[in-house]
Every structure is written in C-alpha cells, then in structure tokens.
Amino acid sequence: GEEVLKTSGTATEAWQGKEIVFMQSNDHSGDRRGLSWDTSRLEGGSCEEEVVLGDQTAPSWREKLEVVEGILCRGSPERKDLSPEAVSACSIYLSWISSGVISCAEGGGHHRPCRHAESSMRMFRSLEWGLEEASRGEKGSFTSVLIRRLFPLLPSFSSEFRASTPLTRIRDIAHRNDIPQDLKREIKHTIQNKLHRNAGPEDLVATERMLERVMGGDGEDYSEDFVQEFKRFTVELREFFSASSLDEQLLELQAGMGDEERGRIQSFLGAKAASSQGESSLSKLLSLMDETTGLRQVLCRALASGLRNDAPERAMEMRQKYRLCEIALENFAFTVASQALNAFGGSEATRSLEEV
C-alpha cells in the first residue's frame, strides 16, 4: 500500500536523540560517561526518584522497560489501582526514551526483542486493570488520561514478537546476494545484530533512514525485490515499536473482525481519503468526524467488558490492537476537529454553528 512508501515515520519525525551512524562493524557503545542521576530535588521514596535511580543501572531499552514494569506491576493483581504520580512519571520517562532524549546503550548480554514484548504484555495488563479501577474513583478521569498516554509507548506483544527468534526478515535481508558488501555490513551491524541483541527505539530510526537510502536516497539502483523486502521489514518493525500509522493499524485489525466492523473501517478509510483530496471542505470534514467517532464507538464497545484476570494471551494481543487503534482514532479526531473549525471560520462560514 501507499503507507509503506512513506520512508519517514513518526519515530524519525519525533527523534531528538543522537544522529544515526551506519556501521561496518559492531561499534555500538555501552559508554554512559558524562551522565548524572541527580535526585536531590525529588521527594525520597517517590516514583520519580525510583525512575531516576532505576535508570542509573538500566542502560538498555529492555532494562528501562523493566524499571517501568517494576513500578506499574507492583502489588497484587486484585489491587489494580495506579496512582497518577506513578503513571505520570512512567509516561514522561518512556516518552523521553522513545524520542531519544534519554538515550539507550549496550547493557551487556544477548536479549532478543521477545524479552521486551513479554515485559510489555505484563505492563499492558496492569494498565488495563488500572484504567478500569480509575473509572470508579473520584480522580478517575485524570488518571485515565495519564494511563491512556502510556499505552502507545509500549512495544507490541503480538505472538510473532514473543517468539524465541522474532523479526528474522532482517537476517535474510542482510544475507542477500543482490546488494553491495558495504551495504550488507551496514544492515548487519547497524540493524540486524543490534536489534537481536539489544533492541531500542534508535533501531527503528536507523531502519527508516536506511529505507530512505535503499529507495533511492543514496543514488544507487537496488533490485526491486530487495527494496520491497526492506519495506516489509520496516512495516514489521514499526508495528513492534507501536509506531504504525492509523491506516496500517486498522487494516491489520480488520482481518479478525466481522463484516459490519470491517465495513466501518472501510467507510472511515474512504472518508479519510476523500477529505485528503484537494481542499478539505467543511462537509467532508464533518463526514470524516462522523465516521471517526462511529468507528471509535465500535472499538470502545469491544473494550467495555474489561480484562479478565485469566484472559488468554490471544485475547490480550487483540485487546492491545483495539486499544491502540481506539487511542489513535481519538487523537485523529482532534486533528479533524481543528481542521473543521478552521474551515468553519473560512469561506464556508455562511451557516450558523447550530446548523453545523
């Protein structure tokens, strides 16, 4: 699809970390010299202090995720409540890691992405229970907003990422015979080995930068089969890092839906495509808003029953997909509402607000 052709995804666009360097050998560093972890202005025993002190001994993304897991999954499953302070501290921390503001480094050992996915599944379960519990409390709406911000910051725990050897497509790509040796080494050391040993958000940025190169950015003419395989891998990696576009998420989700739900997705995508053609009229935007809220209601109804303590892994996987799509639709609705407001104040402002 056309979405695959977009070389720069949300990860690269939001990246504020170190510049990506393509390597001919394993030059990834575990050096954290120059960093400091100052807790002097933090309350002793607070979640903020726990995050800072935890990061001090957590150089890799996997270890940083486990710091957050230790906070979010503390206590018995029956308790399920999460404090706004804990959720806020974890959300800010993971957001800074995702954008590269807090950098990840080699942590030693060989830990495949399945470790990250398993940790994510445990945190997702705790967040779902916390969301349900927050809806009953006096401060529920505020805590719920904070919890919802955390969901897209967790990696996917779909079964293919929890397999003992996930994301193997990049290994096959790195061993192809139709690409130059220098490029093979760069893919192997910058992406393949790094991802399978010590995955982090920087790997997605490196992959999107490499995709830009293989699609003509470096002036070389690579085989179409190689380019298509690298595109497929990029899509897979975006899914693992929960960085897929809204369209990609919905198209994947509809495979396991009934006819009515699939129809709602296709209707939404059609309205979205129509609004992007030429100048968006107010009527098109309002139609798109109607489709957006209608589809989100379908997803919310599916999520309304809550998450059982004994929910099977497959149900957890689907719930994560539903949750991410539902949150993405909410964010998209704000964008559509802003565009509609601008259109209402423009050339079509002949009707009253009540009429609209």
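The text that follows walks through the structure, step by step, so that each part is easy to find. The structure displayed is predicted, hence computed values, not measured ones.

## Section: a nonpolar patch on the surface
Part 1 of the argument: A contiguous nonpolar surface patch, about 280 Å² in accessible area, is contributed by Ile92, Trp96 and Val101.
Part 2 of the argument: When you line up the elements, tryptophan 96 lands in helix 4 (residues 84-98).

## Regarding the packing of helix 12 (residues 246-253) against helix 15 (residues 313-344)
Part 1 of the argument: Where helix 12 meets helix 15, the closest approach of the two axes is 10 Å, and the angle between their N-to-C directions is 145 degrees. Here the hand of the crossing between helix 12 and helix 15 comes out left-handed. From helix 12, Leu246, Gln249, Leu250, Glu252 and Leu253 reach across to helix 15, where they touch Met318, Lys321, Tyr322, Leu324, Cys325, Ala328, Leu329 and Phe332.
Part 2 of the argument: Taken together, the residues that form the contact of helix 12 with helix 15 break down as 10 nonpolar, 1 polar and 2 charged.

## Re the packing of helix 2 (residues 47-56) against helix 3 (residues 61-72)
When two helices pack together, their arrangement is given by the angle between the helix axes and by the axis-to-axis distance.
Part 1 of the argument: Across the interface, helix 2 lies against helix 3 with an axial gap of 9 Å and an inter-helix angle of 150 degrees. By the angle class used here, helix 2 and helix 3 are roughly antiparallel. Between helix 2 and helix 3 lies a crossing whose hand is right-handed. On helix 3, the residues that touch Cys47, Glu50, Val51, Gly54 and Asp55 of helix 2 are Lys64, Val67 and Ile71.
Part 2 of the argument: Looking at side-chain class alone, the contact of helix 2 with helix 3 contains 4 nonpolar, 1 polar and 3 charged residues.

## Considerations on the environment of valine 67
Part 1 of the argument: Relative to the elements of secondary structure, valine 67 occurs in helix 3.
Part 2 of the argument: Between the alpha carbons of valine 67 and glutamate 252 there is a distance of 31 Å; along the sequence they are 185 residues apart.

## A look at the pattern of salt bridges
Part 1 of the argument: All told, the structure shown has 39 salt bridges when counted by the stated rule.
Part 2 of the argument: A salt bridge links glutamate 239 to lysine 321; the shortest N-O distance between them is 3.4 Å. Linking glutamate 239 in helix 11 (residues 224-240) with lysine 321 in helix 15, this pair joins segments that are 82 residues apart in sequence.
Part 3 of the argument: Relative accessible area serves as the criterion here: at 15%, lysine 321 is assigned to the buried category.

## Observations regarding helix 10 (residues 201-217)
Part 1 of the argument: Among the residues of helix 10, Pro201, Glu202, Asp203, Leu204, Val205, Ala206, Thr207, Glu208, Met210, Leu211 and Val214 are the ones counted as buried.
Part 2 of the argument: The elements touched by buried residues of helix 10 are helix 1 (10-14), helix 3, helix 4, helix 9 (181-198) and helix 11.

## Brief notes about the nonpolar core
Part 1 of the argument: Within the largest apolar cluster, 64 residues are counted, with the highest numbers of intra-cluster contacts made by Ile187, Phe226 and Phe230.
Part 2 of the argument: Every residue in contact with phenylalanine 230, bar those within four places of it in the chain, is listed here: Ile170, Ile173, Ile187, Ile191, Thr207, Met210, Leu211 and Val214.
Part 3 of the argument: Counting 24 residues, the second largest nonpolar core, distinct from the first, contains Leu269, Leu282, Leu303 and Phe332.

## Remarks on the side chain of serine 242
Part 1 of the argument: Note on placement: serine 242 falls in the loop between helix 11 and helix 12.
Part 2 of the argument: At 2.6 Å, the side chain of serine 242 and the backbone oxygen of leucine 154 are in polar contact.
Part 3 of the argument: Discounting chain neighbours no more than four positions away, the residues touching serine 242 are Pro152, Leu154, Pro155, Ser156 and Leu324.

## Details of helix 14 (residues 282-303)
Part 1 of the argument: Between its first and last C-alpha, helix 14 extends 31 Å over 22 residues, near the 32 Å set by a 1.5 Å rise per residue.
Part 2 of the argument: For helix 14, the complete set of buried residues consists of Leu282, Leu285, Leu288, Glu291, Thr292, Gly294, Leu295, Val298, Leu299 and Leu303.
Part 3 of the argument: Residues of helix 14 that are buried in the fold lie against helix 12, helix 13 (259-276) and helix 15.

Conventions adopted
- Residues numbered from 1 in each chain as written.
- Predicted model: local features only at pLDDT ≥ 70, side-chain atom pairs only at ≥ 80, totals over all residues.
- Heavy atoms only, no water.
- Patch = residues over 30% accessible without salt bridge, like charges linked within 9 Å, V, L, I, M, F, W, Y side chains within 5 Å.
- Areas by Shrake-Rupley, 256 points an atom, 1.4 Å probe, with all protein chains shown as cover.
- Salt bridge = Lys/Arg side-chain N within 4 Å of Asp/Glu carboxyl O.
- Helix = DSSP H or I, 4+ residues; strand = E, 2+ residues; numbered from the N terminus.
- Axes fitted to C-alpha atoms, helices over the stretch in contact; angles between N-to-C directions.
- Left-handed = near helix turned anticlockwise from the far one by under 90°.
- Contact = heavy atoms within 4.5 Å.
- Nonpolar A, V, L, I, M, F, W, Y, C, P; charged D, E, K, R; others polar.
- Parallel < 35°, antiparallel > 145°, perpendicular 65-115°, else oblique.
- Buried < 20%, exposed > 50% of the residue type's maximum accessible area, 1.4 Å probe, protein only.
- Core = buried A, V, L, I, M, F, W, Y, C linked by side-chain atoms within 4.5 Å.
- Polar contact = N/O pair within 3.5 Å; in protein donor to acceptor, adjacent residues only side chain to side chain.
- Expected span 1.5 Å × (residues − 1).

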